[in-house]
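# Remarks on the overall topology
Each chain, written out:
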Amino acid sequence: MSSYVITGAARGIGFEFVRRFALKSENTVFALVRSRKNDQKLVEMGAKNVYILEADITDVKALKIAAAEVKKVTGGSLDYLINNAAFVEATRKNNNLDGYPEGQDDLLEKDLHDSFNTNVVGVVHTINAFLPLLRRGTAKKVITLSSGMGDAELVLKSGLSNQAPYAISKAALNMVVAKYAAEYKAEGLVFLTISPGLVDTSTKAPTPEEMKAYLEMLAYFRIISPSFEGPITPEKSVSMMIKVIDRWAVEDTGAFVSHYGNNHQWL
Ligand SMILES: NC(=O)c1ccc[n+]([C@@H]2O[C@H](COP(=O)([O-])OP(=O)(O)OC[C@H]3O[C@@H](n4cnc5c(N)ncnc54)[C@H](OP(=O)(O)O)[C@@H]3O)[C@@H](O)[C@H]2O)c1
């Protein structure tokens, strides 16, 4: 019997983590959503062992309230925190660092700030809010979803220079996890940054423009992995990640790995 907190749980990979963990009725699963307005899929799931809590991860007060709710239910402990929520700016045509149109430096700055605010600062606030409970848990695992995009080697080998604000925030996030790991290794807490692979979490059909950008990205990915066939499902990604999470131990705390459990096979 384990307890889990998953952020960004309303859809995509976060929802699939909730669904998987809730399959065992003895588990207690806390699904954190940015807004209760978007929790339909979780409500429809109707699992008795899932508690839906509202918390934007950039809102320290909301995170503290959520942690207090978790404490009430579990009696003061938490086994797993899954930092899944992320800000992904998906509307820009060109988000290379020098690719924003002339005179739109403010948009570049906004994307850099928004990415950092959610993907780095928000995750730090989330970990801090739940740390006291995790320290009293049994598994003591903090799993943070990053991206191969945050791996400098992948960027250099593929030549993928776009999605810069997101990639920069994920690279910084890897360091966040290393810092916590350094601090809490002696106490037996396990911190792991994991990339889920390329996962189809789309909720609607892509526009022709989005499809074009997507195919361009796949072409870059095939430079590093010529046999890459395309995205995997959330079900497959989460299954693979759970195997890695289950076997990860404190000796290797602070690592940044893929859904295969290594640091070179991102696709
Ligand atoms: N999908 C991929 O191919 C891929 C690849 C590499 C890494 N990842 C990483 O895997 C994780 C999940 O990806 P995904 O594709 O499932 O993402 P997604 O479909 O875009 O869902 C992101 C989730 O995060 C929530 N969220 C965003 N900002 C938030 C905030 N400030 N506070 C609380 N929740 C917030 C969203 O809430 P709303 O529902 O309210 O919008 C949504 O539920 C992310 O960390 C992503 O960077 C994904």
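Anything mentioned here points back to the structure above.
Predicted model only: the values in this text are computed from it and were never measured.

## Some words on the overall build of the protein chain
- A count of helices and strands for the protein chain gives 8 helices and 7 strands.
- Here the protein chain has a C-alpha radius of gyration of 18 Å; the compact-globule value for 267 residues is 18 Å, and the two agree.
- With the C-alpha coordinates of the protein chain rotated into their principal frame, the extents come out at 55 × 40 × 35 Å.
- Restricting to contacts in the protein chain with at least 6 residues of sequence separation, those with at least 24 account for 71%.

## What about the nonpolar core?
- If you look at the biggest cluster of nonpolar residues, it comprises 32 residues, and the most contacted ones within it are Ile6, Phe17, Val18, Phe21, Val29, Leu42 and Met241.
- Listing elements by their share of this core, those giving two or more residues are β1 (3-6), α1 (12-22), β2 (28-33), β3 (50-54), β4 (80-83), β5 (141-145), β6 (190-194) and α8 (234-247).
- Looking at this core, the element that brings in the most residues is α1, giving 6 residues.
- Discounting chain neighbours no more than four positions away, the residues touching Leu42 are Ala9, Ala10, Phe15, Val18, Ala31, Val33 and Ile52.
- Judged by nonpolar contacts, the second largest core, of 31 residues, contains Val5, Phe130, Leu133 and Tyr180.

## Side note on the site of the ligand
- Neighbouring residues of the ligand: 24 residues in total, closest Arg11, Arg34, Tyr166, Val199 and Thr201.
- Considering the ligand on its own, with 910 Å² of exposed area, one finds that the protein chains cover 90% of that surface.
- For the shell around the ligand, the secondary-structure elements that each account for two or more residues are α1 and α6 (164-184).
- Residues that form the shell around the ligand fall into these classes: 11 nonpolar, 9 polar and 4 charged.

About the cut-offs
- Residues numbered from 1 in each chain as written.
- Predicted model: local features only at pLDDT ≥ 70, side-chain atom pairs only at ≥ 80, totals over all residues.
- Heavy atoms only, no water.
- Helix = DSSP H or I, 4+ residues; strand = E, 2+ residues; numbered from the N terminus.
- Rg over C-alpha atoms; globule rule 2.2 N^0.38 Å.
- Contact = heavy atoms within 4.5 Å.
- Core = buried A, V, L, I, M, F, W, Y, C linked by side-chain atoms within 4.5 Å.
- Buried < 20%, exposed > 50% of the residue type's maximum accessible area, 1.4 Å probe, protein only.
- Near = heavy atom within 4 Å.
- Areas by Shrake-Rupley, 256 points an atom, 1.4 Å probe, with all protein chains shown as cover.
- Nonpolar A, V, L, I, M, F, W, Y, C, P; charged D, E, K, R; others polar.

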